[in-house]
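In case you want the letters, here they are:
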Amino acid sequence: MENKRNPVLRLCVIGLMAALAYVSFTYLKINIPTPGGYTAFHLGNTFDVLAALLLGGLPGGIAGAIGMGIGDLLDPVYITVAPKTIILKLGIGVVTGLIAHHAFHINRLSGKKLVWATVISCAGGMLFNCIGEPLFGYFYTAYILGAPAKAAAALAKWNAVTTFTNAILAVIIASILYLALRPRLANNGTLKKIGPKY
């Protein structure tokens, strides 16, 4: 009975991960102005990826999308790009979760296999973001926000640089956090209560 999934606990963890994504996205950030708008170095993606490892792809992506989406909505500099952020952060979680839980069945692994599966899952989610952020960002800036093509291209180039840096940090930090938390969560039964069914 104790090892059954607990929807209330899962909802609480989604809220916690959304809050951590918001705080790390909003307060652990370095803004960089470009001709097409702003880009930033930040740690928000770390908790998007971590949430997907713990909860599964969709709940993890929802946590990241809520946290960083709210971060954009409350910031006058980024409010216009909130829809783009919400879509991309949801995608990061979904891709990370698909790799971790469907391809690797990460909750059944241990040892070196667990380490590799964790790192590859995080890297997969962040690879999605490294490709999606500049491409979708260019389309969004040029065609939705109506920025000149040169300005949108300049922003996309800067986004590629900051997104790659953010991705490396997210893969390293999220992997370390997950591998540190997982044994404790598994031992006390919490991992089964919050994780996906598969």
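Structure's up top.
Every value quoted in this text rests on a predicted model; they were computed, and no experiment measured them.

A. Focus on the state of the cysteines. Applying the stated criterion to the full structure yields zero disulfides. The thiol of Cys130 is not disulfide-bonded; the next cysteine sulfur, from Cys122, is found 13 Å away.

B. Summary view of the nonpolar core. Counting residues in each nonpolar core, the largest one holds 31 residues, and the members touching the most others are Met17 and Leu54. If you list the elements that add at least two residues to this core, you get helix 1 (7-27), helix 2 (44-55), helix 3 (57-73), helix 4 (82-103), helix 5 (111-144), helix 6 (149-187) and helix 7 (190-194). Top element by residues in this core is helix 2. It accounts for seven residues. If we ignore the near neighbours within four places in the chain, the residues touching Leu54 are Met17, Tyr178, Leu185, Leu191, Ile194, Gly195 and Pro196.

C. Just helix 4, in detail. In a regular helix each residue adds 1.5 Å, so 22 residues correspond to 32 Å; helix 4 covers 31 Å between its end C-alpha atoms and thus fits that length. All buried positions along helix 4 are accounted for by Ala82, Lys84, Thr85, Leu88, Lys89, Gly91, Ile92, Gly93, Thr96, Gly97, Ala100 and His101. Of the residues one or two after helix 4, His105 is the one with positive phi, at around 50 degrees.

D. Region of the structure containing the packing of aromatic side chains. Per the stated rule, a full pass over the model turns up three aromatic pairs. Ring plane angle 90 degrees and centroid distance 6.2 Å describe the contact between Tyr22 and Tyr27, whose orientation is recorded as edge-to-face. With centroids separated by 6.2 Å and ring planes inclined at 50 degrees, the aromatic side chains of Phe136 and Tyr140 adopt a geometry described as tilted. Of this pair, Phe136 and Tyr140 are both found in helix 5, four residues apart, which corresponds to roughly one turn of the helix. Note that Lys29 overlies the ring of Phe25, its terminal NZ or CZ placed 4.7 Å from the centroid.

E. Spotlight on unusual backbone geometry. Notably, His105 is not glycine yet its phi reads approximately 50 degrees, a positive angle. Exposure remark for His105: the relative accessible area of 29% places this residue in the partly exposed category.

F. Molecular detail of the pattern of salt bridges. Scanning all chains against the criterion turns up two salt bridges. Between Lys29 and Asp75 there is a salt bridge, with the nearest N and O atoms lying 3.7 Å from each other. Of this pair, Lys29 sits in strand 1 (residues 29-34) while Asp75 sits in the loop between helix 3 and helix 4, and the two are 46 residues apart along the sequence. When its relative accessible area of 18% is taken as the criterion, Lys29 is described as buried.

Conventions adopted
- Residues numbered from 1 in each chain as written.
- Predicted model: local features only at pLDDT ≥ 70, side-chain atom pairs only at ≥ 80, totals over all residues.
- Heavy atoms only, no water.
- Disulfide = S-S within 2.5 Å.
- Core = buried A, V, L, I, M, F, W, Y, C linked by side-chain atoms within 4.5 Å.
- Buried < 20%, exposed > 50% of the residue type's maximum accessible area, 1.4 Å probe, protein only.
- Helix = DSSP H or I, 4+ residues; strand = E, 2+ residues; numbered from the N terminus.
- Contact = heavy atoms within 4.5 Å.
- Expected span 1.5 Å × (residues − 1).
- Phe/Tyr/Trp six-rings, centres within 6.5 Å; stacked < 30°, edge-to-face > 60°.
- Lys NZ or Arg CZ within 6 Å of the ring centre and 35° of its normal.
- Salt bridge = Lys/Arg side-chain N within 4 Å of Asp/Glu carboxyl O.

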